[in-house]
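Descriptive structure summary
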Amino acid sequence: MSPSFVCLFVGRGAALPGHPFFDSLINLFSEQSIIFCAMIVAAMKHSKMPRILLVLRFLILVLEPSAAEDIGIYWGQNGNEGSLNETYATGLYSYVNIAFLSTFGYGKIPRINLAGHCDPSSIGCTKIGRDIRNCQKQGIKVMLSIGGAAVSYLASSADAKNVSDYLWDNFLGGSTSSRLLGDAVLDGIDIFMGQDIPYVDDLARYLKSHTNVYLSAAPQCSFLDHWGTALDTDLFDYVWVLFYNHLSCDYTQGNFDNFVNSWKRWTTSLKGGKIFLGLPADSASATSGYVPADVLISTILPAVKESPNYGGVMLWSRFSDKNSGHSYY
């Protein structure tokens, strides 16, 4: 039997983990095939998408791995989106941004806000460290996203250095007695600051002065000047440009040329790193910029993939994606 035949059986419910039929498959097929089948089962538990679409998604991964997109997701802003373990078990994502460290800078005590997932004031978020390590064992890069809607400003270059030191000691390779997410070492920092923020370039340099730290940014597609200065540092490994909530550069049926021009401006201006197309995972997640899956496949992806530094798609958010199944395209 082929892997696709096995996965179709699992997709139809003929086999589940722990079922004798599923156990017998281990002796007949490669470990990789069984892993993909298990991913289908896990996805069925946590998605409202029709079963056949889930099966087709994973058949693509088995039969033509190169055809699957690298997808990033923001997790942490809705207690109903499921745990990090459930997120990585879908097999859909290559990057997970934990959102957000929403308070920092100007001498403020940094605070993390993970909605209903945990209470950081009672050291309740340390349990997430185990899930982070599980994600990383699957090859998923897990980053801490700083900023968000209630973004704090950086007062000076010295302030940026203080914030960098705090992030290194509490979430990266440093050490402190009060690490909010336990002893897990995150892969890097995602800077999600939609406004015009001075000293972001200093923050990037300080963070990158440490080894083994990935750096990502989530600028709006309107190409802000201060972001341009920061991104010119060539220190960012990933840039997920947010093509939503900005009518001048979002995709709409009558705005395709403006969208493409904005995308090309980003991809030709950045010196290094991969550029990702940032989109909302459903129409309720943004005031504009939602792209239905069929349009994404037929119109948008062929255009953006022409760029040599194209990296994939970043979606906001896991809760929205879980309900809409948008990443199962």
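Each remark here, short or long, concerns the structure printed above.
What comes next is a walk through the structure. No experiment lies behind these values; they were computed from the predicted model shown.

1. Details of the overall build of the protein chain
Looking only at helices and strands, the protein chain features twelve helices and nine strands. Per-residue burial over the protein chain gives 54% buried out of 329 residues. Residue pairs at least 24 apart in sequence account for 70% of intrachain contacts in the protein chain once pairs closer than 6 positions are excluded. For the protein chain, the exposed surface amounts to about 14100 Å²; the carbon and sulfur share of it is 52%.

2. Things to note about the state of the cysteines
When the sulfur atoms of two cysteines share a covalent bond, that bond is a disulfide. Using the criterion set out here, one finds two disulfides in the structure. Between cysteine 221 and cysteine 249 runs a disulfide, and the two sulfur atoms are separated by 2.0 Å. On the sign convention where negative is left-handed, the bridge of cysteine 221 and cysteine 249, at about 70° about the S-S bond, is right-handed. Here cysteine 221 is found in the loop between β6 (214–217) and α9 (225–231), whereas its partner cysteine 249 is found in the loop between β7 (238–242) and α10 (256–269), with 28 residues between them in sequence. Cysteine 249 carries the same exposure label as cysteine 221, and that label is buried.

3. Quick word on helix α7 (residues 157–171)
Taking 1.5 Å per residue, 15 residues should reach 21 Å; α7 reaches 21 Å between its end C-alpha atoms and fits that length. Along α7, the residues classified as buried are Asp159, Ala160, Val163, Ser164, Leu167, Trp168, Asn170 and Phe171. Two to three positions downstream of the cap, the backbone nitrogen of alanine 158 sits 3.4 Å from a side-chain oxygen, assigning the N-cap of α7 to serine 156.

4. Side note on the packing of α10 against helix α11 (residues 293–304)
Two numbers describe how α10 lies on α11: the axes approach to 10 Å, and their chain directions differ by 30°. It follows from the interaxial angle that α10 and α11 lie roughly parallel. Remark: the crossing between α10 and α11 carries right-handed chirality. Seen from α10, the contacting residues are Phe256, Phe259, Val260 and Trp263; seen from α11, they are Thr299, Ile300, Ala303 and Val304. Among the residues forming the contact of α10 with α11, the class breakdown is seven nonpolar, one polar and no charged.

Basis of the calculations
- Residues numbered from 1 in each chain as written.
- Predicted model: local features only at pLDDT ≥ 70, side-chain atom pairs only at ≥ 80, totals over all residues.
- Heavy atoms only, no water.
- Helix = DSSP H or I, 4+ residues; strand = E, 2+ residues; numbered from the N terminus.
- Buried < 20%, exposed > 50% of the residue type's maximum accessible area, 1.4 Å probe, protein only.
- Contact = heavy atoms within 4.5 Å.
- Areas by Shrake-Rupley, 256 points an atom, 1.4 Å probe, with all protein chains shown as cover.
- Disulfide = S-S within 2.5 Å.
- Expected span 1.5 Å × (residues − 1).
- Polar contact = N/O pair within 3.5 Å; in protein donor to acceptor, adjacent residues only side chain to side chain.
- Axes fitted to C-alpha atoms, helices over the stretch in contact; angles between N-to-C directions.
- Parallel < 35°, antiparallel > 145°, perpendicular 65-115°, else oblique.
- Left-handed = near helix turned anticlockwise from the far one by under 90°.
- Nonpolar A, V, L, I, M, F, W, Y, C, P; charged D, E, K, R; others polar.

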